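# Analysis of the macromolecular model
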Amino acid sequence: MFTDSHAHIDGDEFDGDREEVIERAQAAGISLILNVGTGDPHSGAFERAVELGKTHEPVYTAIGTHPHDARLYDDAAEEKIKNLIDNEHVIAWGEIGLDFHYDNSPRDVQVEVFKRQLRAARECDLPIVIHTREAEAETIEILQSEYEGAARRGVFHCFSGSMELANRAIEIGFMISFSGIVTFKKAEELREIAKQVPLDRLLIETDCPYLTPIPYRGKRNEPAYVVEVARTLAGLHGVELEEMGRITSENFNRFFRL
Ligand SMILES: [Zn+2]
Ligand SMILES: [Zn+2]
């Protein structure tokens, strides 16, 4: 039993074979997929993501405005998300955060929109999914100022940060999710960090269609391949593959209160 804690299967990369992708995942033992709806909040993308979750039993949904699209976030977008999360298959607000690598939205706008969505998620009593890239200090600082004392916590998704960020994340009660990056040859440092994350804070994800794990590099990524992420983490922690699948699935269910 495995849980893909972060996938993007509502996108057009999967238009040709979405049903088969979900079937292949189930055949590989993936019993739950958290599909994360992103994109222009006014484009209908969030509605599509919510619809996918409603119509597919193993699929749960998160929606939120990605830092890339922060410049498109406004009152109407916030209202729309609040209305859409009024659905039992929507279990998180995200992905939200800061991406100072691509800078697709101006940094001051990213910061402002991150803060607004943290407040909104808190109002709605939802956990959050965090995307942070080359903005570690800023992310922690904002979480401390805007999210301190919030009843729900969050996930640092596709973790590729420093040991220091991992420690801070653990300290403030957050989960750490590893993607296919942890299987890459050059990711020695990240594997060192993954080894030190306590078992009860670990999640696994594909972030598909991106970041395909070894040995599927070069192919489109899909939820079935999350088993390879579990395999690497199992090796690092000295547990069986199935055990790592069970641990990360139980972590997911406990954290999201399923
Ligand atoms: Zn992300
Ligand atoms: Zn993502």
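Before any of the text, the structure's been laid out above.
Worth saying up front: this structure is predicted, and the values here are computed from it rather than measured.

As a further point, take helix H1 (residues 18–27). By the burial criterion, the buried members of H1 are Arg18, Val21, Ile22 and Ala25. One side of H1 carries all its buried residues, which in axial view fall inside an arc of 95°. Opposite the packed face of H1, turned more than 90 degrees from it, sit the exposed residues Glu23 and Ala27. Those residues of H1 hidden inside the fold are in contact with strand E2 (30–37), helix H2 (45–55) and strand E3 (59–63). Just past H1, the residue glycine 29 takes up positive phi, approximately 95°.

Taken as a whole and assessed by the stated rule, the structure comprises six aromatic pairs. Relative to phenylalanine 256, the ring of phenylalanine 252 has its centre 4.5 Å away and its plane inclined at 40°; by these criteria the two rings are tilted. For phenylalanine 252, a relative accessible area of 0% puts it in the buried group. Taking the relative accessible area as the measure of exposure, phenylalanine 256 reaches 4% and is therefore buried. Put simply, the rings of Tyr147, Phe156 and Phe174 pair up and form one aromatic cluster.

Membership of the largest hydrophobic core comes to 70 residues, with the highest contact counts inside it found for Trp93, Ile128, Leu143 and Phe178. By residue number, the principal contributor to this core is helix H8 (residues 226–237), which donates six residues. Counting residues in each nonpolar core, the second largest holds 14 residues, with Ala92, Val155, Met175 and Phe252 among its members.

Another point: the environment of alanine 120. Assignment of secondary structure puts alanine 120 in helix H4 (residues 107–123). Judged by relative accessible area, alanine 120 falls into the buried class, the value being 1%. Sequence separation of alanine 120 and aspartate 99 is 21 residues, and the distance between their C-alpha atoms is 20 Å. Among residues more than four places away in sequence, those in contact with alanine 120 are Glu78, Lys82 and Trp93.

Further remarks concern helix H9 (residues 241–255). The terminal C-alpha atoms of H9, which comprises 15 residues, lie 21 Å apart, in line with the 21 Å expected from a rise of 1.5 Å per residue. Taken together, the buried positions of H9 are occupied by Leu241, Met244, Gly245, Ile247, Thr248, Ser249, Asn251, Phe252 and Phe255.

With that settled, consider the pairing of strand E5 (residues 128–133). Successive residues of a regular strand alternate their side chains across the two faces of the sheet. Across the six residues that make up E5, a large majority, five, are buried. Both strand E4 (residues 90–99) and E5 contribute to a ladder of six bridges, which runs parallel. Note on E5: the bridge partner recorded for aspartate 99 is arginine 133. Handedness of the crossover joining E4 and E5 through H4: right-handed. Inspection of the sheet shows E5 paired to strand E6 (residues 154–156) by three bridges, in the parallel sense. Among the inter-strand pairings, valine 129 is bridged to a residue of E6, identified as valine 155. Following the chain from E5 across helix H5 (residues 136–146) to the adjacent parallel E6, one finds a crossover that is right-handed.

Bringing the pattern of salt bridges into the picture now. Taken as a whole, this structure holds 17 salt bridges when the rule is applied. Notably, a salt bridge pairs glutamate 47 with lysine 80, separated by 3.0 Å at the nearest N-O pair. A residue pair is termed long-range when its members are at least 10 positions apart, and glutamate 47 in helix H2 and lysine 80 in helix H3 (residues 75–84) qualify at 33 residues. Where arginine 231 meets glutamate 228, a salt bridge forms, and the shortest distance between an N and an O atom there is 3.0 Å. Residue arginine 231 and its partner glutamate 228 are both found in helix H8; the two are separated by three residues, about one turn of the helix. The exposure class assigned to arginine 231 is partly exposed, which follows from its relative accessible area of 43%. Several salt bridges share partner residues, and in doing so they unite Asp75, Glu78, Lys82, Arg116 and Glu123 into one network.

Quick notes on the rules
- Residues numbered from 1 in each chain as written.
- Chains lettered and ligands numbered in written order.
- Predicted model: local features only at pLDDT ≥ 70, side-chain atom pairs only at ≥ 80, totals over all residues.
- Heavy atoms only, no water.
- Buried < 20%, exposed > 50% of the residue type's maximum accessible area, 1.4 Å probe, protein only.
- Helix = DSSP H or I, 4+ residues; strand = E, 2+ residues; numbered from the N terminus.
- Arc of directions from axis to C-beta.
- Contact = heavy atoms within 4.5 Å.
- Phe/Tyr/Trp six-rings, centres within 6.5 Å; stacked < 30°, edge-to-face > 60°.
- Core = buried A, V, L, I, M, F, W, Y, C linked by side-chain atoms within 4.5 Å.
- Expected span 1.5 Å × (residues − 1).
- Pairing = 2+ DSSP bridges.
- Right-handed = clockwise from strand over helix to strand, strands pointing away.
- Salt bridge = Lys/Arg side-chain N within 4 Å of Asp/Glu carboxyl O.

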